[in-house]
Structures are given as C-alpha cells and as structure tokens.
Amino acid sequence: MSSVNNSPTVIKCKAAVAWGPGEPLVLEEVEVDPPKEMEIRVKVVCTSICRSDVNQWENKAQVDLFPRIFGHEASGIVESVGEGVTEFEVGDHILTVFIGECQNCKHCVSGKSNMCQKLGLERRGVMHTDQKTRFSVRGKPIYHYCAVSSFSEYTVVHSGCAVKIGRDVPFDKVCLLSCGVSAGLGAAWKVADITRGSSVVIFGLGTVGLSVAQGARLRGASKIIGVDTNPGKLEIGSAFGITDFINPETCSQPVQQAIKELTEGGADYSFECVGDTGVVTTALQSCCDGWGLTVTLGVPKSKPEVTAHYGSLLSGRTLKGSLFGGWRPKSDLPLLVDKYMNNEFELNNLVSHDMPFASINQALDLMRENKCLRCVLHM
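These numbers come from a predicted model, not from an experiment. (Residues numbered from 1 in each chain as written. Predicted model: local features only at pLDDT ≥ 70, side-chain atom pairs only at ≥ 80, totals over all residues. Heavy atoms only, no water.)

(A) Highlighting unusual backbone geometry. Along the chain, Phe 66 connects to Pro 67 via a cis peptide bond; the corresponding omega equals 0°. Mapped onto the fold, Pro 67 is located in the loop between helix H1 (51-58) and strand S4 (73-81). At Gln 103, a position not held by glycine, the phi torsion is positive, near 70°. Within the element layout of this structure, Gln 103 appears in the loop between strand S5 (93-96) and helix H2 (106-110). Located in the positive-phi region is Cys 146, a residue other than glycine, with phi close to 55°. Here Cys 146 shows up in the loop between strand S7 (140-142) and strand S8 (154-158). (Helix = DSSP H or I, 4+ residues; strand = E, 2+ residues; numbered from the N terminus.)

Rendered as structure tokens:
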C-alpha cells in the first residue's frame, strides 16, 4: 500500500528556468503543483546533463515552448504520491525516465518494444495525463521537458515514468542510467546483440558511444573502432574498450574506407552516436555485406532525413533505430541497476564533473563545448 502524503500542497522551490532558446538559465523560485492521479512528486537529489538537453535548449524551432525547465536524467526521493498510486511510497528512492511503461498497451504487452503508447516520448512540454503543466512562476505556466524536468529541486512525473531503486544505490552515479548510459549499453546488448569475436565501429565517443564500447567489450568483441574528431577521446576510449581510433579530420581517406581496411571488408556492427544523419550514411557504408548492422542512437538537430543507396540494403546490410537502448523502464532498468551495483559495468568514470546546482550554466557550457562527459548537478 502507498503511504499518501495527506493533501499535499503547492511547493515553492528553486528551478533553472529557460526563458528562451539558448538564453542562460535563470534560477527562479517556482511553484510545483501537487501530484495528480497516477503521478508522484519527487525531491530531485542529483541530475546529470545530457546532450539532448542542450540541443533542445538551443532549438529555435519551438519558441512557443518557453519558459521551460529542462533535464531528464535524475535520481531522487518520492515526496508525495497522487491518487491511485500503489507502486510508490513517500520516501522511496527512484530514477526518472523520459519514456514510460504503462504495462497495458499493445507495445508494452508485446515484449518486443519499449515504445509505450500511453507514456511515450512527450514532445509538447506538458504532462501525459491532462496535457497541462505542474510548474509556474509568478502565475505564468512553465513547460516541461520529456515530462521529467529535473532542473528543479522538485518535479512531478507520471508514476509510469519512474523506477524504484534501492536505498544503497548512489544517487550521483545512478542518475546516468536515466538515459545516456542505458541507451549505449542497450544498443550493444539488446538492440544489436553483439557477439563474441565480432568487429564494431562507434561514431561519436561521448557518454553514449563510450557506453556502447563498454557493452561491446563485455560481449567479447575483438575489434572496437572509435571515430571522433576530438583526439582526446583516444585515451579515454581505450579505458572503455576502444582498440582502434580514427579522427575523420586527420584521416587520409574516407572514414568508411579506413574502417573496411581495418575489418577486412566492413564491421559486423556500427553505431551512430552523434546525432547526424550524414554520419548514419557513413556508418551504414562502414558495415560489411551480408549481415552488417547499423544502429542509430543520436537525435539530429537538423536534416532528419537519412540518405542511403539501395545497394547498401540489397547487399544485406540492416539499418535499425534505438531509443533508450530498447530497454523497458520498469521491466528492464532494475536489472541494469543491479548489474551496476554488482560491478558488472563501469559507470563512475563517466562522471567527469560534480557541480552544485547553482553552477548549471557552467555545466551547460561544458557540454556545449564538448569539454565533459557527464556533469552531475547536486541539488
């Protein structure tokens, strides 16, 4: 049975509000409504900054969705629960997730998909249940991001978009499993299902790409090629399993040709972790004929259309998309947390910066300038 916080009221707290695309976030005193039916209100303890937070913050195509509170990789404590919530109690430790699992829709019951039809990726800046916001500042509504909005000391999420974790799980590390690290590991393990002795190429060695590399190493891949324009990624990449490194800016031949030479005709698996559809094309061309599989994880800022010669597909290559690594949040994420707690994969070294919440603009600059992996903000 849930322990309902009797008649929870509006909370006033600090939140980093984006008033316009790319404008510095402003720490404002905001009002956070009580949770409604099937929702929980969460005291955010730690939140990390994902590349998609930066991309959407800078995106000028949705100026009508400001003011807005970004953030979606978070860990915290349940402060109050809404009507109908039985899964969570006040005081539970949780992870937020940007896609939910209702466990009842066609996709959830299929066991084949994590594309929940009720709690899928929310793009309109509101809550799933009533299409309204739970934040306001000086009487003005504030839009949500991915129905999470963790750049706030308190937030409200649907109970289907949260996962309970043990009280011994460190908040400041496990928040990375809310998105980036899970996306990379899942792409390697669940979507591609990398086999022992195979060859892998990864385009983009940020947190997601390094997590793919780690997943490939743990699966026993014999060659793991990292492709990145930042030469500094060679050293850190090797710590996560990268065996070969290509910098497209200094490579004397087309990247796909260099990869074919390293892999005797093309990689068994390629992963696009940049968010560039041109790179998707290159990744597909880097695969081998017959069974080569390309998985795209990145979200492009522009040019969403992918260009591919039909011959690439006719020859047996496959192009596949991956959202959150194919993981179903409630069914799969607790197992991933257990693996982390059992030291079955590395998470701690993906946190490059620990910073106070007040330094959020500095953290955003680090991500925008490619000078960090994950910045974890401590609320």
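Read on, since the account is not over.
(B) Main features of the packing of aromatic side chains. Tallying each qualifying case throughout the model produces five aromatic pairs. Considering the side-chain rings of Phe 66 and Phe 70, the 6.1 Å spacing of their centres and the 55° angle between planes classify their relative orientation as tilted. Ring centres of Trp 189 and Phe 345 lie 6.4 Å apart, and the angle between their planes is 70°; this geometry places the pair in the edge-to-face category. In this pair, Trp 189 sits in helix H4 (residues 180-191) while Phe 345 sits in the loop between helix H10 (329-341) and strand S16 (351-356), placing the two residues 156 residues apart along the sequence. (Phe/Tyr/Trp six-rings, centres within 6.5 Å; stacked < 30°, edge-to-face > 60°.)

(C) Main features of the pairing of strand S14 (residues 293-296). Here S14 shows a buried face lined by Leu 293 and Val 295 and a second buried face lined by Thr 294 and Thr 296. As paired strands, strand S13 (residues 269-272) and S14 are joined by four bridges and run parallel to one another. Pairing of Glu 272 across the sheet is with Thr 296, part of S14. Tracing the backbone out of S13, into helix H8 (residues 277-285) and back to the parallel element S14 gives a crossover that is right-handed. Where S14 lies against strand S15 (residues 318-321), four bridges are found, and the strand directions are parallel. (Buried < 20%, exposed > 50% of the residue type's maximum accessible area, 1.4 Å probe, protein only. Pairing = 2+ DSSP bridges. Right-handed = clockwise from strand over helix to strand, strands pointing away.)

(D) Region of the structure containing the layout of surface pockets. Taken as a whole, the second largest pocket holds about 180 Å³ of empty space. What lines the second largest pocket is Gly 111, Lys 112, Ser 113, Asn 114, Met 115, Lys 190, Val 191, Leu 323, Gly 326 and Arg 328. Looking at the lining of the second largest pocket residue by residue, the classes come out as three nonpolar, four polar and three charged. (1 Å grid on protein atoms, 1.4 Å probe; cavity = no way out; pocket = protein on both sides within 12 Å on 5 of 7 lines; lining within 4 Å. Points joined across faces, edges and corners; volume = space filled by probe spheres on them. Nonpolar A, V, L, I, M, F, W, Y, C, P; charged D, E, K, R; others polar.)

(E) Summary view of the nonpolar core. Within the largest apolar cluster, 92 residues are counted, with the highest numbers of intra-cluster contacts made by Ile 202 and Phe 271. With six residues, the top contributor of residues to this core is H4. Setting aside chain neighbours within four positions, we find Phe 271 in contact with Ala 187, Ala 188, Ala 192, Ile 194, Val 200, Val 201, Ile 202, Phe 203, Val 212, Val 295 and Leu 297. Membership of the second largest hydrophobic core comes to eleven residues, among which are Val 201, Ile 225, Ile 246 and Ala 283. (Core = buried A, V, L, I, M, F, W, Y, C linked by side-chain atoms within 4.5 Å. Contact = heavy atoms within 4.5 Å.)

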